[in-house]
Amino acid sequence: MAEAYIVGAVRTPVGKKKGGLSAVHPTDLAAHTLKALIDRTGVDPAAVEDVIMGCVMQFGPQSMDIARNAWLSAGLPETTAGVTIDRQCGSSQQSIHFAAQGVMSGTQDLVVAAGVESMSIVPMGSSITAALEKGMPFPFGEKWVERYGKQEISQFRGAELMCEKWGYTRDVLEQYAMESHQRAAKAIANGYFKDQIAPINGVEDDEGPRADTTLEKMAGLKTLKEGGQITAATSSQISDGSGAVLIASEQAVRDHGLTPRARIHQLALMGDDPVYMLTAPIPATQRALKKAGMSIGDIDVVEINEAFAPVPLAWMHELDADPAKVNPNGGAIALGHPLGGTGAILMTKLLHELERTGGRYGLQTMCEGGGQANVTIIERL
């Protein structure tokens with residue numbers, strides 16, 4: 001099978017709710033990242049065959065195939081197609097998988113995998129709200145109820161169920177969240193993200209991290225559910241952002257004089273209990289490592305999306321992973337989680353951290369709506 005290489009990866013800073021990116025149209029946000037990717041790699045944009053873009057709330061300003069609209073808004077050639085996909089929070093990680101698979105199959109040579117979400121402009125749940133207003137039983141119909149019964153299906157309940165199953169108390173979650181902020185603040189202070197970010201709208205750094213947060217401040221917050229463990233402090237932040245990755249074949253590398261920065265080593269996908277919803281990264285990672293003939297000890301850097309603190313905590317426990325290698329520069333609790341944009345943003349962070357530290361293998365995974373997870377293993381070149 002042909003190899004697929006990452007030759008470029010860039011992202012916007014991640015803007016916080018009502019922050020510096022909150023007024024930027026999501027199409028323009030994505031267009032900015034796409035243009036930066038093309039400029040930084042120096043590739044002929046007319047050679048790009050497809051733009052695969054993840055976006056979760058494909059509603060209002062994010063509807064009508066934002067992948068195509070963003071490419072055109074960036075002033076790039078009309079000859080390149082674009083498609084928008086939704087695998088919930090893992091949408092742009094799935095974009096990377098689709099792009100890599102197109103190249104590995106030999107049917108494509110140069111594909112952009114990207115993602116975007118403006119949660120300030122298109123709030124989470126917008127598409128569901130619109131359906132409910134029309135009286136539609138969305139998103140679960142009669143057959144779903146026959147299988148799973150009438151019960152709450154939400155990421156918030158899933159996080160609480162994980163706390164119950166693994167025995168995580170609020171103080172454990174808050175200690176983890178505190179470390180996420182500390183790691184992110186250190187990374188920003190040391191300039192670790194500078195090379196991967198394309199500033200926009202006067203915003204140069206991620207806006208989410210709170211260097212001055214304390215355990216005492218976290219302890220003063222109300223839990224999202226009465227009697228529960230999860231608070232806003234131990235949840236990912238509502239954010240705006242975009243990321244883009246250029247995937248190339250060996251032929252494209254030669255034809256365009258590109259420099260491969262990493263090789264796609266393994267791709268895996270798995271589903272798990274949709275009620276727990278957030279646990280799939282555990283079996284999906286186990287599957288990916290087995291397929292690759294690797295152990296968790298072979299991985300130098302891990303990026304696992306911090307949708308809620310129990311997600312990475314349970315993953316580290318079940319995989320027996322070294323906490324120092326997991327989200328070394330902080331995660332979504334500190335940096336934010338712009339839904340469809342997060343997968344490409346995490347891959348950009350992963351690649352740059354491997355390059356900064358000299359690590360060889362990196363692993364990315366994230367929980368997704370419906371109880372799913374993608375896992376991507378890359379090898380730095």
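Details of the structure are given in the entry above.
We now turn to the structure provided with this report.

About the cut-offs
- Residues numbered from 1 in each chain as written.
- Predicted model: local features only at pLDDT ≥ 70, side-chain atom pairs only at ≥ 80, totals over all residues.
- Heavy atoms only, no water.
- Helix = DSSP H or I, 4+ residues; strand = E, 2+ residues; numbered from the N terminus.
- Contact = heavy atoms within 4.5 Å.
- Areas by Shrake-Rupley, 256 points an atom, 1.4 Å probe, with all protein chains shown as cover.
- Lys, Arg positive; Asp, Glu negative; His and termini not counted.
- Charge placed at Lys NZ, Arg CZ, Asp CG, Glu CD.
- Salt bridge = Lys/Arg side-chain N within 4 Å of Asp/Glu carboxyl O.
- Buried < 20%, exposed > 50% of the residue type's maximum accessible area, 1.4 Å probe, protein only.
- Polar contact = N/O pair within 3.5 Å; in protein donor to acceptor, adjacent residues only side chain to side chain.

Let us look at the overall build of the chain. For the chain, the count of helices and strands is 13 helices and 10 strands. Summarising its shape, the C-alpha atoms of the chain cover approximately 60 × 50 × 45 Å along the three principal directions. Taking as baseline every contact in the chain between residues at least 6 positions apart, the subset at least 24 positions apart corresponds to 82%. By element, 50% of the accessible surface of the chain is carried by carbon and sulfur atoms, the whole surface being about 15300 Å². Both charge centroids of the chain, one from 33 positive and one from 44 negative side chains, sit 2 Å from each other.

Attention shifts here to the pattern of salt bridges. Scanning the model with the defined rule gives 15 salt bridges in all. Note that Lys194 is salt-bridged to Glu204, the shortest N-O span being 3.9 Å. Residue Lys194 is found in the loop between helix 7 (170-189) and helix 8 (215-219), and its partner Glu204 is found in the loop between helix 7 and helix 8; the two are separated by 10 residues along the sequence. Look at Glu204 and you get partly exposed, because its relative accessible area is 46%. Across the salt bridge formed by Arg254 and Glu250, the nearest N and O atoms sit 4.0 Å from each other. One end of the pair, Arg254, and the other, Glu250, are both in helix 9 (residues 250-256), four residues apart, so they sit about a helical turn from each other. Taking relative accessible area as the criterion, Glu250 reaches 44% and is therefore assigned partly exposed.

Looking now at unusual backbone geometry. Unusually for a residue other than glycine, Asn201 sits at a positive phi of about 55°. Considering the arrangement of structural elements, one finds Asn201 in the loop between helix 7 and helix 8. Owing to a relative accessible area of 53%, Asn201 belongs among the exposed residues under this scheme. For Asn327, which is not a glycine, the phi torsion comes out positive at approximately 50°. You can see Asn327 is positioned in the loop between helix 11 (310-319) and helix 12 (332-335).

Mapped onto the secondary structure, Gln62 falls in the loop between strand 3 (50-54) and helix 2 (66-73). From its side chain, Gln62 meets the backbone oxygen of Met57 in a polar contact 2.9 Å long. Within polar-contact distance, the side chain of Gln62 engages the backbone nitrogen of Ser118 at 2.7 Å. Gln62 has contacts with Pro26, Cys55, Met57, Glu117, Ser118 and Val122, leaving out every residue within four places of it along the chain.

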